[in-house]
Amino acid sequence: MVKYILLVESRVTISERTKHFIELIEKKKTGRPGELARKLGVKERSVYRILDDLKLSIEKDIQYCKENKSYVFLEKNE
């Protein structure tokens, strides 16, 4: 029973991190990958995993913008 509860809590945390990631992208306040990792409380490698998952599940492209020093949403090219 305890294992199940921990698994559910992990999923909620992952979902909350992804939502926070999206909010930061929308505000153009992600910073560089290392900064974003600190904001999300994960390792930098996890930022890239979340990013890959998002790119597969949403209808927009996500790219890093040097000018804004943030990840940004772009319309996908069909």
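Here the structure is a predicted model, which is why all the values come from computation and not from measurement.

Each value, and the rule that gives it
Residues numbered from 1 in each chain as written. Predicted model: local features only at pLDDT ≥ 70, side-chain atom pairs only at ≥ 80, totals over all residues. Heavy atoms only, no water. Helix = DSSP H or I, 4+ residues; strand = E, 2+ residues; numbered from the N terminus. Buried < 20%, exposed > 50% of the residue type's maximum accessible area, 1.4 Å probe, protein only. Contact = heavy atoms within 4.5 Å. Arc of directions from axis to C-beta. Phe/Tyr/Trp six-rings, centres within 6.5 Å; stacked < 30°, edge-to-face > 60°.

### Quick notes on the overall build of the protein chain
Part 1: In terms of helices and strands, the protein chain carries three helices and two strands.
Part 2: Each helix and strand of the protein chain, ordered N terminal to C terminal, gives the series α-α-α-β-β.
Part 3: Here the protein chain holds 78 residues, and the buried ones make up 26% of them.
Part 4: Expressed as a percentage of contacts within the protein chain between residues at least 6 apart in sequence, the contacts between residues at least 24 apart total 39%.

### Section: helix H2 (residues 33-40)
Part 1: Regarding H2, the residues found buried are Pro-33, Gly-34, Leu-36, Ala-37 and Leu-40. Down the axis of H2, the buried set is contained in an arc of 160 degrees. They therefore lie on one face.
Part 2: Looking one or two places after H2, you find Gly-41, whose phi comes out positive at around 75 degrees.

### A few points about the packing of aromatic side chains
Part 1: Under the defined criterion, the tally for this structure stands at two aromatic pairs.
Part 2: Their ring planes at 75 degrees and their centres at 6.3 Å tell us that Phe-21 and Tyr-71 sit as a pair that is edge-to-face. Highlighted residues: Phe-21 in helix H1 (residues 2-27) and Tyr-71 in strand E2 (residues 70-75), separated in sequence by 50 residues. Like Tyr-71, Phe-21 is buried.
Part 3: Measuring from ring centre to ring centre gives 5.3 Å for Tyr-64 and Tyr-71, while their planes differ by 75 degrees; the resulting arrangement is edge-to-face.
Part 4: You can call Tyr-64 partly exposed: its relative accessible area is 28%.
Part 5: Pairwise contacts between aromatic rings join Phe-21, Tyr-64 and Tyr-71 into one cluster.

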